[in-house]
Amino acid sequence: MTEFLVDAPQVVIEAVNLTKDRLSSFLKKRTRVLDGLNLEIYAGQTYGLIGPNGAGKTTTVKLLLGLLRPDEGEAKVLGAPSSERENLAQVGFLPENPYFYSHLTGREFLTFVGKLFSLPDDLIKSRVKSLVEKVSLVDACDKPTGKYSKGMLQRLGIAQALINDPKILFLDEPMSGLDPLGRMDVRRILHELKAEGKTIFFNSHLLPDVGELCDRVGLLVNGKMVADSPVSDIAEGGNFKALEDFFLEHVQAAMHATKDSKPHAEQT
Amino acid sequence: MQIIAAIALNTFREVLRDKIIYAFFVFACLISLFGILLGTLSVGQDIRIVEDLGLAAISLIGGIIAVFSGANLVFKELERRTIYLIFSKPVKSWQFILGKYLGLASCLLTIILMMGGFLGALVGFVDPTSPANALTHLPWLALSLALVYLELLFIIASASLFSTFSTPIMSVLFTLCFWLVGHSCASLQDLAKMSTNPAVSKFFAALYWLMPDLQSLTRVRSELMYGRALTTGGGQGELLIYLTTYILAYVIILLVLSALINERRELP
Ligand SMILES: Nc1ncnc2c1ncn2[C@@H]1O[C@H](COP(=O)(O)OP(=O)(O)O)[C@@H](O)[C@H]1O
Ligand SMILES: [Mg+2]
């Protein structure tokens with residue numbers, strides 16, 4: 001049994017029956033935004049969580065990072081419960097629509113983030129130097145981030161997520177709001193990271209990018225995981241039209257299902 | 001330690017790179033200059049008028065900056081969602097609060113020193129005939145400035161406590177109320193003594209005990225300015241030490257409370 005486990009790929013991100021309720025700002029109504037999510041992501045995998053806006057993708061990432069507390073179930077990263085925030089030193093995170101302190105320059109900001117990881121000064125210096133090259137911000141890194149374009153901010157965001165040379169990367173919508181050129185930049189960086197063997201978990205609703213980059217996709221609709229399968233099963237040879245059909249078919253089916261079962265939503 | 005220093009430096013830069021600070025600074029200098037004008041009208045009193053007006057201007061401007069920056073201290077990070085960036089790194093809640101506090105405290109120290117330096121130069125300028133005479137004023141001035149700073153330390157601690165759970169406007173109001181009550185706490189004591197009902201009397205006594213005693217600060221400051229009796233006996237020196245310890249202890253309690261609240265609450 002143990003011999004078998006040694007060779008088995010290591011689960012690095014895990015969710016068991018992960019459930020989260022949120023209060024809407026209006027009338028404080030309690031809604032279930034994530035419902036019984038199960039996840040198992042292996043070391044070195046690139047996992048894409050897709051779904052329409054409001055499906056609960058960002059909520060999932062925040063739960064996995066321990067930024068939110070689950071109402072039921074458990075999230076684990078590298079074997080430790082996310083709520084204990086123990087393994088954050090080995091995790092990189094790019095928030096959705098990132099804003100960074102506009103009074104800092106790119107270099108000052110990356111140094112700041114390096115210090116939050118308690119890295120030694122000379123290591124921070126060399127990492128910042130190589131990261132600004134990696135994300136093509138060499139010329140801009142001494143300008144205040146308040147003057148950055150959306151694409152530059154997104155790339156700076158990826159650089160800050162990499163400052164601790166993490167094993168696992170969580171990227172929330174790394175490509176949304178970028179022009180095609182910006183998207184290509186980010187795609188190139190993600191390809192490099194994938195080649196370096198990092199585990200990447202990213203949220204997106206941009207299907208072509210997901211189809212190109214991911215090993216596995218999960219589809220989240222209204223807080224429920226309606227499909228979770230290897231990309232090769234859905235879209236052979238990066239055929240993203242197949243992925244789009246898959247997306248539409250499942251989303252529509254899920255919408256129908258919730259409509260039919262409105263009176264007793266628990267049973268779906 | 002490195003984490004706290006990094007957060008403090010970031011806060012320090014944020015406040016000092018905000019242009020509005022310099023507008024206030026120029027304003028304080030103008031008020032002090034205005035003191036010279038008044039001084040020339042009332043012969044023989046000029047130094048005292050410049051000092052009085054200058055100190056009043058410094059404590060007012062310092063107070064305004066402290067209340068508003070303090071109220072925005074945590075809220076701004078929440079509003080701009082940079083707080084996700086911080087807490088997705090291995091940073092503890094108390095490190096965050098302490099770093100923010102120390103950053104703002106060192107900003108105010110810088111501002112007070114700059115305005116105080118200006119005032120000191122002005123005092124020297126008003127009395128060019130006898131530099132020795134002007135020099136005797138400086139220690140008093142420095143001590144008064146230290147007392148002003150002590151009060152500001154208290155203000156930013158209470159503003160940061162309020163800003164962990166309410167909007168900036170509410171925090172400003174709460175802080176101003178707290179500050180006012182602190183300055184009129186002797187009347188609480190009087191109320192406690194005056195009341196015939198033991199329950200009411202106990203209530204006011206408890207309130208007096210809970211509230212910060214800022215009135216003594218002002219009293220010592222005016223004694224410094226007018227009586228200048230610090231050298232007569234050790235009584236006042238002891239009082240100063242007592243007040244410093246008292247305010248610092250109060251600040252620590254407020255910060256611990258802020259850190260606890262910040263730890264408990266879930267990010268939005
Ligand atoms: N801070 C919040 N308070 C209350 N409800 C929220 C909050 N953030 C998100 N929600 C709700 O949770 C649901 C899922 O949101 P989210 O995870 O951001 O979706 P996605 O990232 O897939 O677009 C949405 O219906 C949204 O309205
Ligand atoms: Mg989202």
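Note: the structure precedes this text.
Residues numbered from 1 in each chain as written. Chains lettered and ligands numbered in written order. Predicted model: local features only at pLDDT ≥ 70, side-chain atom pairs only at ≥ 80, totals over all residues. Heavy atoms only, no water.

**Q** Now, about the site of ligand 1: what can you tell me, with residues and values included?
**A** In the vicinity of ligand 1, the contacting residues are Arg22, Leu23, Val33, Pro52, Asn53, Gly54, Ala55, Gly56, Lys57, Thr58 and Thr59 of chain A together with Pro268 of chain B. Nearby residues around ligand 1 are contributed by chains A and B. Separating a nitrogen atom of ligand 1 from a side-chain N or O atom of Arg22 of chain A is a distance of 3.3 Å. Residue Thr59 of chain A places a side-chain N or O atom 2.6 Å away from an oxygen atom belonging to ligand 1. Protein coverage of the free-state accessible area of ligand 1, which is 560 Å², stands at 65%. Looking at the shell around ligand 1, the elements with two or more residues in it are β1 (11–23) and α2 (57–65) of chain A. Per-element accounting of the shell around ligand 1 gives the leading share, 3 residues, to α2 of chain A. (Near = heavy atom within 4 Å. Polar contact = N/O pair within 3.5 Å; in protein donor to acceptor, adjacent residues only side chain to side chain. Areas by Shrake-Rupley, 256 points an atom, 1.4 Å probe, with all protein chains shown as cover. Helix = DSSP H or I, 4+ residues; strand = E, 2+ residues; numbered from the N terminus.)

**Q** Residues and numbers for the interface of chain A and chain B, please.
**A** With 30 residues of chain A in contact, the opposing surface of chain B contributes 26 residues. Carbon and sulfur atoms supply 56% of the area that chain A and chain B bury against each other, a total of about 2700 Å² over both sides. Counting across the interface, chain A meets chain B through 2 salt bridges. Arg13 of chain B serves as the salt-bridge partner of Glu108 of chain A, at 3.7 Å between the closest nitrogen and oxygen. Taken together, the links from chain A to chain B amount to 14 residue pairs in polar contact (both at pLDDT 80 or more). Listed by contribution, the elements that provide at least two residues to the side of chain A that touches chain B are β1, α3 (106–116) and α4 (121–134) of chain A. (Contact = heavy atoms within 4.5 Å. Buried area = accessible area lost by both parts, 1.4 Å probe. Salt bridge = Lys/Arg side-chain N within 4 Å of Asp/Glu carboxyl O.)

**Q** Describe the packing of aromatic side chains, naming the residues involved and giving the relevant values.
**A** All names here are of chain B. Overall, the coordinates contain 14 aromatic pairs over all chains when judged by the stated rule. Summarising the aromatic geometry, the rings of Phe162 and Phe174 are spaced 5.2 Å apart at their centres and angled 40° between planes, so their arrangement reads as tilted. Separated by 12 residues along the polypeptide, Phe162 in helix α7 (residues 131–163) and Phe174 in helix α8 (residues 168–183) bring together distant segments of the chain. Overall, Phe162 belongs to the buried group, its relative accessible area being 14%. (Phe/Tyr/Trp six-rings, centres within 6.5 Å; stacked < 30°, edge-to-face > 60°. Buried < 20%, exposed > 50% of the residue type's maximum accessible area, 1.4 Å probe, protein only.)

**Q** Let's hear about the pairing of strand β9 (residues 216–221) of chain A: which residues, and what values?
**A** Residue and element names in this part refer to chain A. Across the 6 residues of β9, 5 count as buried, placing the element largely inside the fold. The pairing of strand β3 (residues 46–50) with β9 spans 4 bridges and is parallel. Paired with Leu49 across the bridge in β9 is Gly218. As defined by bridge partners, β9 adjoins strand β10 (residues 224–230) across 6 bridges and the pair is classed as antiparallel. Considered in β10, the bridge of Arg216 is made with Pro230. Counted along the chain from β9 to the antiparallel partner β10, the turn is 2 residues long, and its residue Asn222 has a positive phi close to 50°. (Pairing = 2+ DSSP bridges.)

**Q** Any chance you could break down the nonpolar core for me, citing the residues and the numbers?
**A** Within the largest apolar cluster, 154 residues are counted, with the highest numbers of intra-cluster contacts made by Phe109, Phe112, Phe170 and Phe201 of chain A together with Phe96 of chain B. Once you skip the residues sitting within four places of it in the chain, Phe170 of chain A turns out to touch Ile13, Val61, Leu64, Leu65, Val77, Val91, Gly92, Phe93, Leu94 and Phe201 of chain A. (Core = buried A, V, L, I, M, F, W, Y, C linked by side-chain atoms within 4.5 Å.)

**Q** Please set out the layout of surface pockets residue by residue, giving values where relevant.
**A** Unoccupied space between atoms shows up once a probe the size of one water molecule is rolled over them. Approximately 440 Å³ is the volume attributed to the second largest pocket. Along its surface, the second largest pocket is lined by 19 residues, and Gly66, Arg69 and Arg85 of chain A together with Phe87 and Glu263 of chain B are the ones closest to its centre. Its residues placed into classes, the lining of the second largest pocket shows 7 nonpolar, 4 polar and 8 charged. (1 Å grid on protein atoms, 1.4 Å probe; cavity = no way out; pocket = protein on both sides within 12 Å on 5 of 7 lines; lining within 4 Å. Points joined across faces, edges and corners; volume = space filled by probe spheres on them. Nonpolar A, V, L, I, M, F, W, Y, C, P; charged D, E, K, R; others polar.)

**Q** Describe α4 of chain A, listing the residues and the values that go with them.
**A** The end-to-end C-alpha distance of α4 of chain A is 20 Å, a good match for the 20 Å that 14 residues give at a rise of 1.5 Å each. Immediately downstream of α4 of chain A, the backbone of Ser136 of chain A shows phi near 50°, a positive value. (Expected span 1.5 Å × (residues − 1).)

**Q** Please give an account of the sheet that holds β1 of chain A that cites residues and values.
**A** What links the strands of a sheet is backbone hydrogen bonding, and the strands pair in either a parallel or an antiparallel sense. Residues and elements named next belong to chain A. The strand order across the open sheet built from 4 strands is β2-β1-β4-β5, with neighbouring strands paired in antiparallel fashion. Either end of the sheet is taken by a strand with one partner, and the two such strands are β2 (30–42) and β5 (80–81). In this structure, β1 lies alongside β2, joined through 9 bridges in antiparallel fashion. Bridged to Leu23 within β2 is Arg30.

**Q** Tell me about the sheet that holds strand β7 (residues 168–172) of chain A, and please be specific about residues and values.
**A** Residue and element names in this part refer to chain A. Judged by pairing direction, the sheet is mixed, and its 6 strands sit side by side in the order β6-β7-β8-β3-β9-β10 without closing on themselves. What marks the edges here is a single partner per strand, and that holds for β6 (91–94) and β10. Averaged over neighbouring strand pairs, the angle between their axes works out to 15° when direction is ignored. Across 4 bridges, the pairing between β6 and β7 is parallel. Considered in β7, the bridge of Gly92 is made with Leu169. α2 contacts β3, β6, β7, β8 (199–204) and β9 of the sheet and is inclined by roughly 150° relative to β8. Contacting β6 and β7, helix α5 (residues 150–162) runs over the sheet at an angle of about 165° to β6. (Axes fitted to C-alpha atoms, helices over the stretch in contact; angles between N-to-C directions.)

None of this, on its own, says anything about what the molecule does.
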